[in-house]
Amino acid sequence: MEWIISLCLGVALSACAGFRVFVPLLVACLAQRIGWMDTSPGFEWMSTFPALMLFATATILEIGAYYIPWLDNALDTIATPLAFAAGTVLTTSVVDVDVPALKWGLGLIAGGGAAGLIQAGTSMLRLGSSTTTGGLGNPVVSTTENLLSFGLSFMAILVPLLTAVLVIALLAFVGWVIATRGMKFVRKINGSPRTPSAS
C-alpha cells in the first residue's frame, strides 16, 4: 500500500511540472525540510539549502518569464524536455520501490509521461491563445498554470490519493484533446475524401 501512495504522490507532483517545471521541485524541497514528506535514499540533495535556493530562484525566473509576450511560447520548447526530466526525478525520488530498474522505469513512464503530457497540453493552449488573441490572453493562461502548479503541488503533499485521481482525470482530458486536435490536423492535411461524380 505504501508504494501506491508514494506513486500517487510522485505522479501528482510530476504532473505539476508540466505546468511549471520548478514549482513542484520547490514545494517538494520545502515539504522535506519541514518533515511533511521523505525521499528515497540518494535523493537527500533535494532538501538541501543550495537546492532550496536554486529551486526558488528558478521558480521566480520561470514564472516571470511566462508573462513576457512571445517569450512564453519560446520557453515551451525548452520547458518540454525539462518538465519530462523534472517529472522523472520527482516520481523516482519518492516512489517506495527497492528495485532500481523498476523505480526509474516508473519515474520515466509515470512521472516523465505525466509531466510531458501536461506540458504538451499547456503549450497547445498557449499557442492557441497567441493565435486567437494576439498574445493578450496569454497572461491569463500563465496565471492559471501558476495557480494549478502551486495548488496541486501542495495538495499532492497533503492528500496524494485524491490529487492523483484529479491528475489522472486531467491527464485523460488533455490526452483526449491532443488526440482530437491531431486527428483534425491529419484530416486537414489529407483533405476531405473525394466523392465519386455522378455519371
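This text follows the structure it describes.
Residues numbered from 1 in each chain as written. Predicted model: local features only at pLDDT ≥ 70, side-chain atom pairs only at ≥ 80, totals over all residues. Heavy atoms only, no water.

Enquirer: Pulling in residues and values, what's your account of the nonpolar core?
Expert: Ranked by size, the top nonpolar core spans 44 residues in total, and within it L9, L13, M37, L90 and I157 carry the most contacts. Secondary structure elements with two or more residues in this core: α1 (2-17), α2 (23-33), α3 (49-65), α4 (71-94), α5 (100-133), α6 (138-158) and α7 (160-190). The element contributing the most residues to this core is α1, with eight residues. Discounting residues that sit within four places of it in the chain, L90 has contacts with G10, L13, S14, A17, P24, L25, A28 and M46. (Core = buried A, V, L, I, M, F, W, Y, C linked by side-chain atoms within 4.5 Å. Buried < 20%, exposed > 50% of the residue type's maximum accessible area, 1.4 Å probe, protein only. Helix = DSSP H or I, 4+ residues; strand = E, 2+ residues; numbered from the N terminus. Contact = heavy atoms within 4.5 Å.)

Enquirer: Help me get a handle on the packing of aromatic side chains, residues and values and all.
Expert: A complete count under the given rule lists two aromatic pairs for this structure. Judged by centre distance (6.0 Å) and plane angle (40°), the rings of F43 and W104 are tilted. Of this pair, F43 sits in the loop between α2 and α3 while W104 sits in helix α5, and the two are 61 residues apart along the sequence. F43 sits in the buried class, given a relative accessible area of 8%. In this structure, R20 packs its charged tip against the face of Y66, placed 4.0 Å from the ring centre. (Phe/Tyr/Trp six-rings, centres within 6.5 Å; stacked < 30°, edge-to-face > 60°. Lys NZ or Arg CZ within 6 Å of the ring centre and 35° of its normal.)

Enquirer: An account of α3 is needed here, citing residue identities and associated values.
Expert: For α3, built from 17 residues, the straight-helix expectation of 24 Å at 1.5 Å per residue is met to within 8% by its first-to-last C-alpha distance of 24 Å. Here α3 has its buried residues at A51, L52, F55, A58, T59, E62, I63 and A65. Of the surrounding elements, those touching the buried residues of α3 are α2, α4 and α6. (Expected span 1.5 Å × (residues − 1).)

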